[in-house]
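# Notes for the structure review
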Amino acid sequence: MTADNSKLFQKAIETSDLSLLATIPKSDLHNHAPLGSRLQDFEKAIAQKLPLPPLKMESIAEMDSYIFGNLRQHIVSLNGLETSLRLAFRQAKTDGIQTLEMSIDCFFVALFADKEKGLIQLLQQIHKEEAPEIQYNPEIGLSRDADVKDIEPLIFPCIESGYFKSIDLYGNELIKDARHYIPIYKLARDKGLKLKSHAGEFGDAESVRYTVDTLELDEVQHGIAAAQSADVMKWLRNNNIRLNICPSSNVALSRVETMALHPARTLADNGIIITINTDDILLFNQSVSEEFLNLYHAGLFSAADLNIIREKGL
Ligand SMILES: [Zn+2]
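Residues numbered from 1 in each chain as written. Predicted model: local features only at pLDDT ≥ 70, side-chain atom pairs only at ≥ 80, totals over all residues. Heavy atoms only, no water.

## Quick notes on helix α10 (residues 230-238)
Among the residues making up α10, those that are buried are Val 232, Met 233, Trp 235 and Leu 236. Angular distribution of buried residues about the axis of α10 spans 160°; they occupy a single face of the element. More than 90 degrees from the buried face of α10, the exposed residues found are Ala 230 and Asn 238. Buried residues belonging to α10 abut α9 (205-215), β8 (242-245) and α12 (264-269). Looking at the residues trailing α10, positive phi occurs at Asn 240, about 60°. (Buried < 20%, exposed > 50% of the residue type's maximum accessible area, 1.4 Å probe, protein only. Helix = DSSP H or I, 4+ residues; strand = E, 2+ residues; numbered from the N terminus. Arc of directions from axis to C-beta. Contact = heavy atoms within 4.5 Å.)

This is the structure:
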């Protein structure tokens, strides 16, 4: 079965066969839940047309201004959250995602009368109803843009619950030192969660090492700036730190000029384990299958290389 899938995957890549690609098991390990669906599906669900996200953005602030101006009001409510979660699971299923590490921000806990219990119940129910065949590893998320003292009372019970399998820190990585999150990450480590954080998306190579070191991370979301330093790449490789990369997101947010210049190749050539993921489909409009095809057409990887990356993600 695995050998068959490898052959089929390579054939699908070489012939740009998206419907065949969608039948082959893949992973999405960097996916922010409320933004996990196509814009057209989201518009249909809310019965409203929305402006298209900018194709090129310069900052997280620019991205946030689109999210806050157009999407937030449709997501931050019990109904809105349920709708966007259902759409995200359906999208993952449509693209043949077998392993899904989809994060949900701990602030959503505040929507529920019974707090984290309500959120967990909703996630369990939607997973069961929409895509029980997907290996869904619930991930709890927190943003650097919020005050740590506001995050802690919401996230500690989520970590304690035993439901979440991993944790991820995102938002503007340049505004707050990773040290602020040590107590949260220490509890998560003690409870057996996998530790992830965004780093090296807007920060430099050393910021990747610093964040991994400070929070004792297992994996990094993005981490692409590591490619600027042979020393940091060697350190990541020696410490077996995987990078969960989202190529279209990096191009749209002007982290790399074009797909052909994406550092994924350099990172892989330096022995770092990478995976290919979506980040926010609602904004970047690329499924995992499309991301694989983009890298192939940019001439960065052969179909066989991409198959190895696919297998590592599973
Ligand atoms: Zn992300």
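Next comes the rest of the write-up.
## A short note on the coordination of the zinc ion
Coordination of the zinc ion by the protein is provided by His 30 (NE2), His 32 (NE2), His 198 (NE2) and Asp 279 (OD), with metal-donor distances spanning 2.1 to 2.2 Å. Here the donor residues of the zinc ion are spaced in sequence according to H-x1-H-x165-H-x80-D. For the pair His 30 and His 32, one class covers both residues: buried. (Donors = N, O, S within 2.8 Å, 3.2 Å for Na, K, Ca; no water.)

## Quick look at the pairing of β8
Covered by surrounding structure in β8 are Arg 242 and Asn 244 together with Leu 243 and Ile 245, the residues of both alternating faces. In terms of strand pairing, strand β7 (residues 219-222) meets β8 through 3 bridges, oriented parallel. By the bridge assignment for β8, Glu 219 is matched with Arg 242. Read from β7 through α10 to β8, the crossover connection turns out right-handed. With 3 bridges joining them, β8 and strand β9 (residues 274-276) adopt parallel strand pairing. Following the sheet pairing, Asn 244 is matched in β9 by Thr 275. (Pairing = 2+ DSSP bridges. Right-handed = clockwise from strand over helix to strand, strands pointing away.)

## Description of helix α3 (residues 39-46)
Turning to α3, its buried residues number three or more, namely Leu 39, Phe 42 and Glu 43. All buried residues of α3 lie within an arc of 100° about the axis, which places them on one face of the element. Structurally, α3 contributes buried residues whose contacts are with α4 (60-75), α5 (78-94) and α13 (281-284).

## Digging into the side chain of Ser 166
Looking at the element boundaries, Ser 166 is found in strand β5 (residues 166-170). Its relative accessible area of 1% is what places Ser 166 among the buried residues. Ignoring sequence-local partners within four residues, the contact set of Ser 166 consists of Glu 101, Pro 138, Glu 139, Ile 140, Leu 193, Lys 194 and Lys 196.

## What to know about the packing of α5 against helix α6 (residues 115-130)
Interhelical geometry of α5 versus α6 gives an angle of 40° and a closest axis separation of 10 Å. It follows from the interaxial angle that α5 and α6 lie oblique. You can see that α5 and α6 cross each other, and the crossing is right-handed. Contacts between α5 and α6 involve Leu 81, Glu 82, Leu 85, Arg 86, Phe 89, Arg 90 and Lys 93 from the first element and Leu 119, Leu 122, Leu 123, Gln 125, Ile 126, His 127, Glu 129 and Glu 130 from the second. (Axes fitted to C-alpha atoms, helices over the stretch in contact; angles between N-to-C directions. Parallel < 35°, antiparallel > 145°, perpendicular 65-115°, else oblique. Left-handed = near helix turned anticlockwise from the far one by under 90°.)

## Re the side chain of His 198
Inspection of the secondary structure puts His 198 in strand β6 (residues 194-199). Taking the relative accessible area as the measure of exposure, His 198 reaches 5% and is therefore buried. Among the polar contacts listed, one links the side chain of His 198 to the side chain of His 30, at a separation of 3.0 Å. There is a polar contact of 3.3 Å between the side chain of His 198 and the side chain of His 32. Excluding its chain neighbours within four sequence positions, the residues that come into contact with His 198 are His 30, His 32, Arg 144, Asp 168, Leu 169, Tyr 170, Thr 211, Gln 221, His 222 and Asp 279. (Polar contact = N/O pair within 3.5 Å; in protein donor to acceptor, adjacent residues only side chain to side chain.)

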